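An overview of the molecular structure
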Amino acid sequence: MKKFIYLLSFFFTFSANSQELYWYDVFLDVKGENASAFVEAVDNYYSSIDFPEGVSMTFSSIPLKGQEFKESHILSFVSPSASALAEIRGSLTGEEWDDYVDIVRPSVESVRAVAGNVSLVYNEDQFNPVGQVWGFKVKSKDVPAFTSAFADLMKSYDFPGFVGLAQVTHGISNGENMIIYGAYKDLNDAFSFGPSGDKEAKAFADFFEATGDISEFTQSWTRVKINDYN
């Protein structure tokens, strides 16, 4: 019971001191020869619909990824309201939606979706066009320790844009349940990512030491924005 109360207190403390965000990502594996038509169809459809208040969607390509990561595009829905996010998901029906699906279906090899919530956010006003994800497997009992280690890292590391720690709650694949997401203004910033100076290098070393026995790094991939919708 004491451990349970501790976990509740821990998560309440972090949610009270950060921007609460919910996210829903749709990954699509698009045939290369059909990519242009697919992008046009997505842009036309999401430019024409009304988004609930506070919901935004970023449409991106995924040019950098590991060997087993086959998806080429991502639709990323984000909202401070879980109900608004559910509303936009539930609204994707009707004749216009069916017409859109008929257009994109021939271009898409496969689709999968994941969702979750963000527990820590930094530089929330700098949601830059290039985003990188680092995925981890963390046992439920170790999530508070992993979160605390990330918070300590961010006390010393000056990331150049939006960065957040999120938990995957739906669509978990092979145990991957925690992600760190960082956004860069361009690929140059992304390619030059890393600690600068002894203080930041120590902060990274401390993070890896604190999380090495409680987490397993799974993958990293990078998206490049095509367009935003809200």
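Here, every reference points to the structure presented above.
None of the values given here were measured: they were computed from a predicted structure. (Residues numbered from 1 in each chain as written. Predicted model: local features only at pLDDT ≥ 70, side-chain atom pairs only at ≥ 80, totals over all residues. Heavy atoms only, no water.)

A word on a negative patch on the surface
Going by this rule: Without a salt bridge and with relative accessible area above 30%, a residue can belong to a patch; like charges are then joined within 9 Å and nonpolar side chains (Val, Leu, Ile, Met, Phe, Trp, Tyr) within 5 Å. The protein chains shown are the only cover counted for residues, whose accessible areas, like all others here, come from Shrake-Rupley with a 1.4 Å probe. We define a salt bridge as a side-chain nitrogen of Lys or Arg found within 4 Å of a carboxyl oxygen belonging to Asp or Glu. Counted charges follow a simple rule, with Lys and Arg positive, Asp and Glu negative, and His plus the chain ends left uncounted. The atom standing in for a charge is NZ when the residue is Lys, CZ when it is Arg, CG when it is Asp and CD when it is Glu. Numbering of helices and strands runs from the N terminus, with a helix taken as a DSSP run of H or I at least four residues long and a strand as a DSSP run of E at least two residues long. Note on exposure labels: buried denotes an accessible area under 20% of the residue type's maximum, exposed denotes more than 50%, and partly exposed covers the range between, all computed with a 1.4 Å probe on protein chains only.
A grouping of Glu-95, Glu-96, Asp-98 and Asp-99 is seen on the molecular surface, where their side chains present a negatively charged patch. As for its placement among the helices and strands, Asp-98 is situated in helix H4 (residues 94–104). Residue classification places Asp-98 among the partly exposed residues on the basis of a relative accessible area of 43%.

Focus: the side chain of Ser-107
Quick reminder of the rule: Any two residues whose heavy atoms approach within 4.5 Å at even a single point are treated as in contact.
With respect to the helices and strands, Ser-107 occurs in the loop between H4 and strand E4 (108–122). Assessed through its relative accessible area of 6%, Ser-107 is described here as buried. Not counting chain neighbours up to four residues away, the residues in contact with Ser-107 comprise Asp-29, Val-30, Lys-31, Asn-34 and Phe-38.

Observations concerning a nonpolar patch on the surface
A grouping of Leu-64, Leu-187 and Phe-191 is seen on the molecular surface, where their side chains present a nonpolar patch of about 290 Å² in accessible area. Assignment of secondary structure puts Leu-64 in strand E2 (residues 56–64). Judged by its relative accessible area of 36%, Leu-64 is partly exposed.

Digging into the pairing of strand E8 (residues 215–229)
What counts here: When DSSP locates at least two bridges between a pair of strands, those strands are taken to pair.
Bridging between E2 and E8 involves six bridges; their strand directions are antiparallel. From the neighbouring strand, Met-57 faces E8, where its bridge partner is Tyr-229. Of the strand pairs in this sheet, strand E5 (residues 130–138) and E8 are connected by nine bridges, and their pairing is antiparallel. Looking at the pairing, Phe-136 lines up with Phe-217 of E8.

With respect to the pattern of salt bridges
Overall, the coordinates contain six salt bridges when judged by the stated rule. With a closest N to O distance of 3.4 Å, Asp-152 and Lys-155 form a salt bridge. One end of the pair, Asp-152, and the other, Lys-155, are both in helix H5 (residues 143–156), three residues apart, so they sit about a helical turn from each other. Residue class for Lys-155 comes out exposed when judged on its relative accessible area of 66%.

Looking at the nonpolar core
As a reminder, the rule being used: Throughout this description, the term nonpolar core refers to a set of buried Ala, Val, Leu, Ile, Met, Phe, Trp, Tyr and Cys residues connected via side-chain atoms within 4.5 Å.
Counting residues in hydrophobic clusters, the biggest one holds 26 residues, and the most contacted among them are Phe-38, Tyr-46, Phe-51, Met-57, Leu-75 and Phe-77. Mapped by element, the contributors of at least two residues to this core are strand E1 (21–30), helix H2 (35–48), E2, strand E3 (73–79), helix H3 (82–90), H4 and E4. Counting residues per element, this core draws most heavily on H2, at five residues. If near-sequence neighbours (up to four positions away) are discounted, Tyr-46 is found in contact with Phe-51, Met-57, Leu-75, Phe-77, Leu-92, Trp-97, Tyr-100 and Tyr-229. The next biggest cluster of nonpolar side chains, apart from the first, holds 24 residues, and it includes Leu-120, Val-163, Tyr-184 and Phe-207.

Just distances and angles here, no functional claims.
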